[in-house]
Amino acid sequence: MAVWDDLVGQDRVASQLTAAARDADALVTAEAVGGGRRAARDAADVSPASAASPASAASSKMTHAWLFTGPPGSGRAAAARAFAAALQCVSPDRALGGAPGCGFCEGCHTTLVGTHADVEVVRTDLLSIGVKETRDLVRRAQLSPAGGRWQVIVLEDADRLTEGAGNVLLKAVEEPAPRTVWLLCAPSLEDVLPTIRSRCRLLTLRTPPVDAVADLLVRRDGIEPELAASAARATQGHIDRARRLATDERARARRAAVLKLPLRVDDVGGCLKAAQELIDAAAEDAKQVAEETDVKETEELRAALGAAAGTGGRLPRGTAGAMKDLQDRQKRRATRTQRDSLDLALTDLAGFYRDVLALQFGSRTALANTDVQDALERIAAGSKPERTLRRIEAVRACREALDRNVAPLLAVEAMTMALRAG
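Report on the accompanying structure. Quantities reported herein were computed from a predicted structural model and do not represent experimental measurements.

### Remarks on the overall build of the protein
At step 1: Counting secondary structure elements, the protein contains 15 helices and 5 strands.
At step 2: Counting only C-alpha atoms and orienting by the principal axes, one finds that the protein spans roughly 90 × 65 × 40 Å.
At step 3: Among the 422 residues that make up the protein, the fraction classed as buried is 42%.
At step 4: In the protein, of all internal contacts separated by at least 6 residues, the share reaching a separation of at least 24 is 73%.

### Comments concerning the packing of helix H11 (residues 268-305) against helix H12 (residues 320-361)
At step 1: Relative orientation of the contacting elements H11 and H12 amounts to 155°, with a least axis distance of 8 Å. Classified by the angle between their axes, H11 and H12 sit roughly antiparallel to one another. The element H11 and its partner H12 pack so that their crossing is right-handed.
At step 2: For the contact of H11 with H12, the residue count by class is 15 nonpolar, 6 polar and 5 charged.

### Some details on the packing of helix H2 (residues 76-87) against helix H3 (residues 106-113)
At step 1: Interhelical geometry of H2 versus H3 gives an angle of 150° and a closest axis separation of 8 Å. Overall, the two elements H2 and H3 adopt an arrangement that is roughly antiparallel. Regarding H2 and H3, the two cross each other, and that crossing is right-handed. Mapping the contact onto sequence places Arg81, Ala84 and Ala85 in H2 and Cys108, Thr111 and Leu112 in H3.

### Here's the deal with the environment of Gly222
At step 1: Secondary-structure assignment places Gly222 in the loop between helix H7 (210-221) and helix H8 (225-235).
At step 2: Sequence separation between Gly222 and Arg135 is 87 residues; the distance between their C-alpha atoms is 41 Å.

### So, the pairing of strand S3 (residues 151-155)
Side-chain positions along a regular strand alternate between the two faces of the sheet.
At step 1: Counting buried residues along S3, 5 of its 5 residues qualify, which places the element largely inside the surrounding structure.
At step 2: Residues Gln151, Ile153 and Leu155 of S3 are buried on one face, and the alternating residues Val152 and Val154, pointing to the opposite face, are buried as well.
At step 3: Across 4 bridges, the pairing between strand S2 (residues 119-122) and S3 is parallel. Each residue of the ladder has a partner; that of Glu120, found in S3, is Ile153.
At step 4: The handedness of the S2 to S3 crossover, carried by helix H4 (residues 131-141), is right-handed.
At step 5: Summarising the sheet, S3 and strand S4 (residues 180-186) pair through 5 bridges and their orientation is parallel.

### Here's the deal with the sheet that holds S3
At step 1: Within the open sheet, the 5 strands sit side by side as S2-S3-S4-S1-S5. Their pairing is parallel. Each having just a single partner strand, S2 and strand S5 (201-204) make up the two edges of the open sheet. Ignoring which end each strand starts from, the neighbouring axes of this sheet average 15° apart.
At step 2: Alignment of strand S1 (residues 65-69) against S4, held across 5 bridges, turns out to be parallel. Residue pairing in the sheet places Trp66 in a bridge with Leu183 of S4.
At step 3: Strands S1, S3 and S4 of the sheet are contacted by helix H5 (residues 163-174), whose axis makes an angle of about 135° with S4.

### A few points about the pairing of S4
At step 1: Where burial is concerned, most of S4 is hidden: 7 out of the 7 residues are buried.
At step 2: Here S4 shows two buried faces, one formed by Thr180, Trp182, Leu184 and Ala186 and the other by Val181, Leu183 and Cys185.
At step 3: As a crossover connection, the stretch from S3 through H5 into S4 is right-handed.

### Points about the packing of aromatic side chains
Given two aromatic rings, one states the distance between the centres and the angle between the planes to describe the pair.
At step 1: For the coordinates displayed, the defined rule picks out 2 aromatic pairs.
At step 2: With centroids separated by 5.1 Å and ring planes inclined at 70°, the aromatic side chains of Trp66 and Phe83 adopt a geometry described as edge-to-face. Separated by 17 residues along the polypeptide, Trp66 in strand S1 and Phe83 in helix H2 bring together distant segments of the chain. By the burial criterion, Trp66 is buried, and Phe83 matches it.
At step 3: Considering the side-chain rings of Phe352 and Tyr353, the 5.5 Å spacing of their centres and the 85° angle between planes classify their relative orientation as edge-to-face.

### Quick look at the pattern of salt bridges
At step 1: By the definition in use, this model includes 25 salt bridges.
At step 2: Here Arg243 and Asp221 are joined by a salt bridge, their closest N and O atoms 3.2 Å apart. Taken as a pair, Arg243 in helix H9 (residues 239-247) and Asp221 in helix H7 lie far apart in primary sequence, 22 residues in all.
At step 3: The exposure class assigned to Arg243 is partly exposed, which follows from its relative accessible area of 21%.
At step 4: The closest approach of N and O atoms between Glu393 and Arg396, which form a salt bridge, is 2.1 Å. Here Glu393 and its partner Arg396 are both found in helix H14 (residues 385-403), 3 residues apart, which amounts to about one turn of the helix.
At step 5: Glu393 sits in the partly exposed class, given a relative accessible area of 37%.

The rules behind the values
- Residues numbered from 1 in each chain as written.
- Predicted model: local features only at pLDDT ≥ 70, side-chain atom pairs only at ≥ 80, totals over all residues.
- Heavy atoms only, no water.
- Helix = DSSP H or I, 4+ residues; strand = E, 2+ residues; numbered from the N terminus.
- Buried < 20%, exposed > 50% of the residue type's maximum accessible area, 1.4 Å probe, protein only.
- Contact = heavy atoms within 4.5 Å.
- Axes fitted to C-alpha atoms, helices over the stretch in contact; angles between N-to-C directions.
- Parallel < 35°, antiparallel > 145°, perpendicular 65-115°, else oblique.
- Left-handed = near helix turned anticlockwise from the far one by under 90°.
- Nonpolar A, V, L, I, M, F, W, Y, C, P; charged D, E, K, R; others polar.
- Pairing = 2+ DSSP bridges.
- Right-handed = clockwise from strand over helix to strand, strands pointing away.
- Phe/Tyr/Trp six-rings, centres within 6.5 Å; stacked < 30°, edge-to-face > 60°.
- Salt bridge = Lys/Arg side-chain N within 4 Å of Asp/Glu carboxyl O.

What follows is the structure, encoded as structure tokens:
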């Protein structure tokens, strides 16, 4: 299976990346051959004029910095990881004209599973990526490949770089180290500093077709075709959300609860209760993540600091700061988890009203939420398109308020009241 097989509905992007990987492979091969020839010339005292020169880098489709953009669920990170694997491909088929990215060789396999020594994949579970973390990446980018063909840095959340972190990254992108490649991922161009994006080659991914996502879930994850089709349709081509919906019973239950909300905002009491339940569900998600990771992280840090069994559990003098840093990080992660859970619920809610609008206009567009079609038809018959548009706008305004750090409960209560007013 080639590394590009998971790029659902992205044939154009896969073609561009394949061409770039071919040129990258040719550049490294030419450099290796050229180095051997130079050594032989030095030993034989041969003039360099007689050596063949590699093709001009100006004509290469390869470059040192790439920016992958596209809507959520389009597979930006998957495309970046696949390209990283192709850059590290050592398949013998390349010598016979095969394209890099076989998916089976050691370079491809270790990159895809996350164990390649020369591929650093950076993703964050916090609200932002700061200067300190970015400086560590820049220092790593200056290193030569330890054993692979390229030093590859995949930054999956480039949109979460703080302004200071972006300025630190700019220097590394502007003056790249030899055989170092930066792969940045962000939802849109506007999410990245203009000075950085102007130095990257842009690749824009599209939302994958629903049928293609369903086929991927069946082929790769072994999900039943009917469930895969339902999950892909409900998430409108968002690959990760479709996989979660198809494999997690709790995710399906929470989505079902969110889709009942439009029928529960007939009075003020119902609005406030529905808002509180949304917040409580998001807080429960954050709590589950904390239970899975926080205790383990804390125990590992305490052991590393010397507070092992037999010492009474007391931390050595001068180590309290490290423990506080971990607690702050865990708190920020809980905040992001809660916001992500809320945003997912709001996305489902916007999809509900989108289906209502389609019914009101008699559109032939396929409905995403066919499992609640009775509710869709009831809301569509009881209101006009103008009110539905205002409700969609209320959901969008709530998402923007959460991005501006408005208190979640206040933002969601304002939204549910607006849904009631229509």
